[in-house]
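Chain and residue survey
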Amino acid sequence: MSSERIIQAKGFHHDFHARGGSAPEATHYCAGCGHGVLHKLIAEALVDLNIQDQTIMVNPVGCAVFGYYYLDCGHVQAAHGRAPAVGAAIKRATPQAIVVSYQGDGDLASIGLNHTLQAANRGDHMVVFFVNNGIYGMTGGQMAPTTLAGQKTMTSPDGRDPLTDGYPIAVCELINQFKAPVYIERCSLSTAAKTRKARAAVRKALRIQKEGKGYAFVEFLSPCPTSMGNDAIANADFLGTAMEKEFPLGRFRDTSEEAVARSPRQRVFDKVFLDSLFPALSSAAAPRWKKSEPFHVKISGFGGQGVLSLGAMLAQAGQTAGLNVTWFPSYGPEQRGGTANCSVVLGKTDIGSPCVSSMDLLVAMNAPSIKRFAPEVRPGGTIFHEASSGDFSAPDDSIRIVPVPAFQLALDCGEERAANTAMLGAVAASGVTGLSPSDFENVLEHVFSRKKKVLAVNLKTFRHALDWAEKEFTNTRGGRPPLGT
């Protein structure tokens, strides 16, 4: 009777309970896959370099995503191709972290190629481990950016034709064009001897991160037996001949010895640092804000109407009052002339999400925005809209509709482009947000502090709208009480 012996490698979770299944000590990788080999090289290096607790691995889409099942370190999942951008953000928010971007060729060299190149050009402090198996391994074996000329895949059954499909992308050679990277190497997992060289490359790249010396990029030619339809021996032969011929192994750059360790950048999410940038917006919390729940706002209109800046000024007014705020923009392929909207959330407590799917307040600068978002206004909510857009009936009798002649009010002050500021004045006068007009004036003075003429016309428009609002809609339709009460 035979028995199975499990060897526990260092740097891995004791068992892989996150993966599930009946064999929690086993990985899910196909027999002969290179991911498991590379995982072991990385895990051991993290332990030996004593950086396991500092390390955050970014896992994107594809087989590369499953690193968090196995490696015992920090993990963050990223959208397809966005691992370098997420890694850069993590490093800037937590400079003491050692960031590892672990990506496959379909992820890194296709949808994520620009993110890869920009991170390399910036010299972001991270290491990128790039697994190149020449095919989309997880999703069925489609042609990838690194698929060889003539290689047959599910989407190139007759072989990749360079005349129609282009040539394989050599990523190390692309990265080597930039000045910032410190270390660039291409390795192979085709044989034991070459895997030992890959082990050394992994350790060197991670040591560079530990020493704070900059950007490192290591590519690994790796087998994918299942998608390529080969056994382990044939796949190793394919790597050692065809793949290594197209993608020559070697060290493209190593300036780590002369590279100087750089101090971590200022943490941009530090409150003291942010308050130093926005001194006019760092007052103590205002007890006058009476709302117990977060207040959700949607602002919408055509691009070019100042929709996004109107939302930003509302968010900053909330910050002036000491509230937690979020501002989340959304616009079409052409911001100017296309549709645009933004979501603003104000609250005393932590805000879970910047997304607004149902709102307490809708500010609509055009008729399509009313049609699109009015059904999402909560009962008891308020709709401010540009009066020239026409008359609208509320989707619920408890919803107040306030037509504001924002463009005319702006024209009265000599600047039609300030219609968004006129709308801001009407909203401020209503008190519906729980903020005072002085909060909004402080924001205008801060935003336009370096443009005196622009500040003057916007303050004039804002105050003109305040005066109009006090006269025109102190009481809304149907003899309802004043807004904001």
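Let us look at the structure shown here. (Residues numbered from 1 in each chain as written. Predicted model: local features only at pLDDT ≥ 70, side-chain atom pairs only at ≥ 80, totals over all residues. Heavy atoms only, no water.)

Here we look at the overall build of the chain
Broken down by element type, the chain carries 17 helices and 13 strands. Taken over 485 residues, the chain has a buried fraction of 49%. Restricting the contact set of the chain to residue pairs at least 6 apart, pairs at least 24 apart contribute 65%. For the chain, the accessible surface area stands at approximately 22900 Å², while carbon and sulfur atoms represent 54% of it. (Helix = DSSP H or I, 4+ residues; strand = E, 2+ residues; numbered from the N terminus. Buried < 20%, exposed > 50% of the residue type's maximum accessible area, 1.4 Å probe, protein only. Contact = heavy atoms within 4.5 Å. Areas by Shrake-Rupley, 256 points an atom, 1.4 Å probe, with all protein chains shown as cover.)

Describing the environment of Pro 437
Inspection of the secondary structure assignment puts Pro 437 in helix α16 (residues 437-447). It is 9.4 Å that separates the C-alpha atoms of Pro 437 and Leu 424, two residues lying 13 residues apart in sequence. Each residue touching Pro 437, except ones within four places of it in the same chain, is listed here: Ala 428, Phe 462 and Leu 466.

What to know about helix α12 (residues 307-320)
Between its terminal C-alpha atoms α12 stretches 20 Å, which fits the 20 Å expected from 14 residues at 1.5 Å a residue. Counting buried residues along α12, 10 of its 14 residues qualify, which places the element largely inside the surrounding structure. Residues of α12 that are buried include every one of Val 307, Leu 308, Leu 310, Gly 311, Met 313, Leu 314, Ala 315, Ala 317, Gly 318 and Thr 320, and no others. Against β8 (295-302), β9 (324-331), β10 (339-347), β11 (359-364), α15 (419-430) and α16 lie the buried residues of α12. Positive backbone phi, at 80°, marks Gly 322, one or two positions downstream of α12. (Expected span 1.5 Å × (residues − 1).)

Some details on the nonpolar core
Soluble globular proteins tend to pack their nonpolar side chains together in the buried interior. Core analysis: the largest hydrophobic core is formed by 46 residues, its most contacted members being Phe 384, Val 404 and Leu 435. In terms of nonpolar packing, the next biggest core, distinct from the first, is built from 41 residues, Phe 12, Tyr 69, Val 202 and Ile 208 among them. (Core = buried A, V, L, I, M, F, W, Y, C linked by side-chain atoms within 4.5 Å.)

Some details on the sheet that holds strand β5 (residues 183-188)
Strand order in this open sheet of 7 strands is β2-β1-β3-β4-β6-β5-β7, and the pairing throughout is mixed. The open sheet is flanked by β2 (74-77) and β7 (250-254), the only strands paired with a single partner. Along the sheet, successive strands turn relative to each other by an average axial angle of 20°, direction set aside. Pairing analysis gives 5 bridges linking strand β3 (residues 98-104) to strand β4 (residues 127-132), with the strands arranged parallel. Across the sheet, Gln 103 pairs through a bridge with Phe 130, a residue of β4. Sheet contacts for helix α1 (residues 34-48): β1 (55-59), β3, β4 and β6 (216-221); angle to β3, the most-contacted strand, approximately 175°. Sitting on the sheet, helix α3 (residues 83-93) touches β1, β2 and β3, and the angle it makes with β3 is about 175°. (Pairing = 2+ DSSP bridges. Axes fitted to C-alpha atoms, helices over the stretch in contact; angles between N-to-C directions.)

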